[in-house]
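# Observations on chain architecture
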Amino acid sequence: MESKKFAEDLIDFIYQSPTAFHAVDSVEKILLGSGYKKLFENDKWELQKEGKYFVTKNSSAVIAFQVGQGELNTEGFRIIGAHTDSPSFRVKPLPEIVSEESYLKLNTEIYGGPILNTWLDRPLAIAGRVTIKDDNIMKPKTRLVNINRPILIIPNLAIHMNSKVNLGVPLNPQKDLLPVVGLINDNLEKNNFVLKLLAQELQVNIDEILDFDLFLYEYEKGSIIGINNEFISSSRLDDLAMVHAGVIAITQPVFSKATKVMVCFDNEEVGSRTKQGAGSPMLTQMLERITICLGLDREDYFRTLSNSFLISADLAHAVHPNISEKADPVNRPNINKGPVIKISARQSYTSDSFSIGVYEAICKKAGIPVQKFVNRSDEIGGSTIGPISSQHLDINAVDVGSPIIAMHSIRELAGVEDHLMIEKSFEEFYKS
């Protein structure tokens, strides 16, 4: 596939995935279109060799797998892991706040670690999941909602009243970062604004709505930019770029001896400590269930794990062109120079010499360059789903990702060539 077209596909995928719930819905459509069958956790599974299946969790996490041609306990799993969530603002219950008896604002709280000032003065929309009454009170219905209109904005304070703004001014999340919806009038009433908006959008009665999981997102779509169309500028590249690349790789019509797995966790940005996060037993239980459903036992499961490998796929930091001193003096990844292996003495990443050697060999076989990232020794840096998953799944693993600039900004910057290259490395990994 041509790299620019593949990057445009990524931008479309991201725009159709404003929340983790929508990301899973987008993944599900790709999988169904590629012949994958949806399974449900409360059903009895009957799996076949070369069968293609997927299962969702909480509507915000998904595991897809393709049973290999070989014996599971000798060929193992080839797992790629990513996450569906991104830093944002979550709408609180009873969210309507009135200011000056005129402005209607929404009460929100920060989700994850966004670069806060990048959210100011941007047209914003709302999307998420709504829970609706059902006859079975233990199993209410859920609906996705996307108010794909620029209905919100978090306005800055004028420099005339904030003379030190360009020196860096702290932003109070409860005071400075509440989005404005509009001016209260006959058409915009303050009471139950959000519930009325949801009821109208979903065409249900307001008393049918039990609760909601709503998040803000940037209304403007991502773009291919740069004098030579070399950059991708978009929200939520972290980590939907890796979700997209992994899902496209696992849906390629190529069977292998090993069983391919693509797991997309939720809640990485807030610590992964949920039933659908990498800190849960979700993946380990799913892998054991696959083993059992193929007629093997727990001993075979442990043998399978010993022959398995995990790629933890999350984005990496490229050297910033204006602040290059923040990078390690020697290991300096650049955009469009290939996938990045992430390494940390603190074990913030799972990579070690064995797993690094494996991924380097994969990239070499695919004809792809590879780079390495380590933090400056006086910087702590972040972590990924890799070490969190390793607390439950003791298999060889490596942390990799495409290099980007402005990670956790509302608008991140990646490379067009990089996205295709890392997808090709994933394809090669699944063949191995």
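Above this text sits the structure in question.
Let us look at the structure shown here. The structure presented is a predicted model; accordingly, all values stated were derived computationally and were not measured.

## What to know about the environment of G168
- Its place among the elements puts G168 in the loop between β8 (141-152) and β9 (180-183).
- Classification of G168 by relative accessible area gives exposed; the value is 54%.
- Between the alpha carbons of G168 and N117 there is a distance of 9.6 Å; along the sequence they are 51 residues apart.

## Looking at the layout of surface pockets
- Estimated volume of the largest pocket: approximately 750 Å³.
- Along the lines of polarity and charge, the residues of the lining of the largest pocket split into 15 nonpolar, eleven polar and nine charged.
- There is about 560 Å³ of room inside the second largest pocket.
- Taken together, 18 residues line the second largest pocket, and the ones lying closest to its centre are P155, N156, L157, L171 and D176.
- Of the residues contributing to the lining of the second largest pocket, the split by class is eleven nonpolar, four polar and three charged.

## Regarding the pattern of salt bridges
- Under the definition given, this model contains 20 salt bridges.
- The closest approach of N and O atoms between R149 and E201, which form a salt bridge, is 3.6 Å. Separated by 52 residues along the polypeptide, R149 in strand β8 and E201 in helix α4 (residues 193-202) bring together distant segments of the chain.
- Accessibility expressed as a relative area gives 38% for R149, which makes it partly exposed.
- Look at E201 and you get partly exposed, because its relative accessible area is 34%.
- The partner of K424 in a salt bridge is E427, with the nearest N and O atoms 3.6 Å apart.

## Description of the packing of helix α2 (residues 20-33) against helix α5 (residues 237-250)
- The geometry of α2 relative to α5 is characterised by a closest axis approach of 11 Å and an angle of 15° between their N-to-C directions. By the angle class used here, α2 and α5 are roughly parallel. The crossing of α2 and α5 is right-handed. Together, A23, V27, I30 and L31 of α2 and L240, V243, V247 and I248 of α5 make up the contact between the two elements.

## Some points on the sheet that holds strand β2 (residues 52-57)
- Reading across the sheet, the nine strands line up as β1-β2-β3-β13-β4-β14-β18-β16-β17 and stay open at both edges, with mixed pairing between neighbours. Because the sheet does not close on itself, it has two edges, and the strands there are β1 (37-38) and β17 (371-373).
- Where strand β16 (residues 340-342) meets β17, three bridges bridge the pair, whose relative direction is parallel. Bridging across to β17, I341 finds its partner in K372.

Scoring rules and cut-offs
Residues numbered from 1 in each chain as written. Predicted model: local features only at pLDDT ≥ 70, side-chain atom pairs only at ≥ 80, totals over all residues. Heavy atoms only, no water. Helix = DSSP H or I, 4+ residues; strand = E, 2+ residues; numbered from the N terminus. Buried < 20%, exposed > 50% of the residue type's maximum accessible area, 1.4 Å probe, protein only. 1 Å grid on protein atoms, 1.4 Å probe; cavity = no way out; pocket = protein on both sides within 12 Å on 5 of 7 lines; lining within 4 Å. Points joined across faces, edges and corners; volume = space filled by probe spheres on them. Nonpolar A, V, L, I, M, F, W, Y, C, P; charged D, E, K, R; others polar. Salt bridge = Lys/Arg side-chain N within 4 Å of Asp/Glu carboxyl O. Axes fitted to C-alpha atoms, helices over the stretch in contact; angles between N-to-C directions. Parallel < 35°, antiparallel > 145°, perpendicular 65-115°, else oblique. Left-handed = near helix turned anticlockwise from the far one by under 90°. Contact = heavy atoms within 4.5 Å. Pairing = 2+ DSSP bridges.

Just distances and angles here, no functional claims.
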